[in-house]
Structure formats: structure tokens, C-alpha cells
Amino acid sequence: MNSWNGKPYHSLDFHLKEMFGRKVYKLALDGGMTCPNRDGSVGRGGCIFCSQGGSGDFAAKKQLSLREQADLAKKLVEKKAGPDALYIAYFQSYTNTYAPLSYLEALFTEAVSLPEVCALSIGTRPDCLPDETVALLSRLNQEKPVWVELGLQTIHESTARFIRRGYGLPVFEDAFRRLRAAGLTVIVHVILGLPGETREDMLETIRYLAGLKIDGIKLQLLHVLKGTDLDRLYRQGAFQVLELSQYLELVGDCLKLLPPETVIHRLTGDGPRSLLTAPLWSGNKRLVLNSMARYLKENKIYQGQEY
């Protein structure tokens, strides 16, 4: 059994301390971009689960300069971070490579140049990664580590159509191949509990990603947020959300299947409580994480157990 500083999985916290030798925090920044699934290029309204904040509800706003955004984000963690902390410049809201190359170059170059920033993390879609953008990220990766986060959510095409993802699995595979060839770190987002998916469907997605030996993964519980199309369907009784006990078991099964080298960036995720329709238990992050730790320990589960 592997142990990553006492945890039964390869946590992001462990990984960052191995890389940088100290505590690292994320600065949620807004690059001022939209999404092709919102502006009509691919679709309108976004994926059915996406809030108006484009999954970046905790980020600072683009009206501020990047320096001002970073300073504001640092204030949120300054008491626990301390003066010597390092930070990841994290572009999460919407699709952060959906802009002209010149704009991206100026934005990301400035982010990398911030002295307290030790790495750059960019959330995007695999259909928004032309070769010239990948080349830019590869160049920046020579200065500081660059991570690209891809919102796959599921490998099943019927679910992808239902959630209005807007691209097929071959598009993801092509982007993943080119990013890897360029030497970039690739983190994949997966949503557990999508309507219509069985437990085995979800584990098929994890087995597929384990086969690719992805660098990192974010396991995200399906949240129903107010004002989304998913919220409307939930209120109509079209599907049910997972109970805490179901989610704990599912995450445990996912961890067993993943390679020990894959960094676990997230085990649940959380949205603003003011927007949360369901499941309400997910709003208590401490409860979820404590329950997860206890469940893994009691059932002797560790990452890579069945890989």
C-alpha cells in the first residue's frame, strides 16, 4: 500500500510540497473570456450544469488588472498562507484559451511573471486548443510549470449530448495527445452522478483515463445550481442526485482504478451555497472530507489498488 504523507491517495497537497517544498495556494483569476458553448459558435447557454459564472464563481472579476486580482485573491488566504507562500495562477472561469493568440500571450505571460506565482493552471475545452496555442503554452512551460485542465466529464457520447458538451471524444483524444507531446501537464475533470449514468458507466470513464495515465484528475460531484437547465430538470423530477454514502463508495472505487502516479486534484468540489439546489449535504465541505477520510480508512482503500 502506498502512502502519500499519511493519505491513501496521491493528493495535490502532497504533490505540491514535493515540487516546491512548501505550501502552495491557488489564485482564482478571470481572463475575461467566454465559451464557444455560450456565444453560438458551438451552442448557447453552456453545458446544462454550468452557472452564469462559467464554473468560476469564486474568481475575482476581470474589471480588475491581473495584479489587482492576484492581490485580492491573496487576501482571502493571507492569514493561513504566511509571507513565504507560493501561488498558482488559476484561470477557471469559462474557456481560457478561447481568444486570439496575441491576447492569450499577453495574459499568460503577465501571470507567469508575477513573482509569487510558481505555476500556471488553465481551464479550457479540448476544442479550443489550436496548435499555435499549444505552442505558446509549451514555451511558457519552460519558465514555470503550465497545467491544462480539460473538462471531459464523461467518455459516453449519449451523456455528452445530453449535457450539451459540444464535442466528441476524438476531439479530447487529439487535444490530449498534442498537449502531452508538447510536454504539458494535463488534468482531466470528471463529473460523477450525471443523469442517466450507472455506476459502471462512471467507472468506465475512470478506467479509460487510467489507461491514458493522465497527470491529474478532478473528481467532481454533480451539483445542481440554481438558474441552470439542470436545475429545471431536477425540479421536474427528471433525475436524482447521489446520497453521501453512494458518493463515498463511488470515489473509493475510482481511486482503486487510478494509477498511483495520477495526482488527485479534487475529490468532491463545492459551489456557492447561495446557488446550491442539490445535494444539500455537499454544502458541508468539512463533513464530506471527514466522511471520505473515514470511509477510505475503514475500508482499507488506497489509490492504485486495482490498477
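You'll find the structure just up there.
Since the model is a prediction, treat every value here as computed from it, not as a measurement.

(A) Region of the structure containing the overall build of the protein. Each helix and strand in the protein was counted, giving 11 helices and 9 strands. Computed over the C-alpha atoms, the radius of gyration of the protein is 19 Å, within 12% of the 19 Å expected from 2.2 N^0.38 for a compact globule of 307 residues. For the protein, the C-alpha atoms occupy an extent of roughly 45 × 45 × 40 Å along the three principal directions. The buried share of the protein, reckoned over its 307 residues, is 56%. A separation threshold of at least 6 residues defines the contact pool for the protein, and within that pool the share at least 24 residues apart is 80%. Carbon and sulfur atoms make up 50% of the accessible area of the protein, which amounts to about 13900 Å² in all. A distance of 5 Å separates the average location of the 38 positive side-chain charges in the protein from that of its 34 negative side-chain charges.

(B) A look at the sheet that holds strand β2 (residues 86-91). With parallel pairing, 7 strands are arranged side by side in an open sheet as β1-β2-β3-β4-β5-β6-β8. With partners counted over all chains shown, the strands left at the sheet margins are β1 (24-29) and β8 (263-266), one partner each. Neighbouring strand axes in the sheet, compared pairwise and without regard to direction, differ in orientation by 25 degrees on average. Where strand β4 (residues 146-153) lies against strand β5 (residues 185-192), 6 bridges are found, and the strand directions are parallel. Paired with L150 across the strands is V188, a residue of β5.

(C) Spotlight on the packing of aromatic side chains. In total, this model carries 6 aromatic pairs according to the counting rule given. On the numbers, 5.6 Å between centres and 55 degrees between planes, the contact of Y234 with F239 is tilted. Classification of F239 as buried rests on a relative accessible area of 9%. The rings of F172, F176 and Y208 are connected pair by pair, giving a single aromatic cluster. Its end group placed over the ring of Y90, K26 keeps NZ or CZ at 4.4 Å from the ring centre. Over the ring of Y167 we find R165; its NZ or CZ atom is 4.4 Å from the centre of that ring.

(D) Looking closely at helix α5 (residues 131-140). Regarding α5, the residues found buried are T133, V134, L136, L137, S138 and L140. Looking at the buried side of α5, the elements it contacts are α4 (101-113), β3 (117-124), β4 and α7 (169-181).

(E) Spotlight on the packing of α4 against α5. The N-to-C vectors of α4 and α5 enclose an angle of 20 degrees; their axes lie 10 Å apart at closest approach. Comparing the axis directions of α4 and α5 gives the class roughly parallel. Here the hand of the crossing between α4 and α5 comes out right-handed. Where α4 abuts α5, its residues L101, L104, E105, F108 and T109 lie against E132, T133, L136, L137, R139 and L140.

Reading the values: rules and limits
- Residues numbered from 1 in each chain as written.
- Predicted model: local features only at pLDDT ≥ 70, side-chain atom pairs only at ≥ 80, totals over all residues.
- Heavy atoms only, no water.
- Helix = DSSP H or I, 4+ residues; strand = E, 2+ residues; numbered from the N terminus.
- Rg over C-alpha atoms; globule rule 2.2 N^0.38 Å.
- Buried < 20%, exposed > 50% of the residue type's maximum accessible area, 1.4 Å probe, protein only.
- Contact = heavy atoms within 4.5 Å.
- Areas by Shrake-Rupley, 256 points an atom, 1.4 Å probe, with all protein chains shown as cover.
- Lys, Arg positive; Asp, Glu negative; His and termini not counted.
- Charge placed at Lys NZ, Arg CZ, Asp CG, Glu CD.
- Pairing = 2+ DSSP bridges.
- Axes fitted to C-alpha atoms, helices over the stretch in contact; angles between N-to-C directions.
- Phe/Tyr/Trp six-rings, centres within 6.5 Å; stacked < 30°, edge-to-face > 60°.
- Lys NZ or Arg CZ within 6 Å of the ring centre and 35° of its normal.
- Parallel < 35°, antiparallel > 145°, perpendicular 65-115°, else oblique.
- Left-handed = near helix turned anticlockwise from the far one by under 90°.

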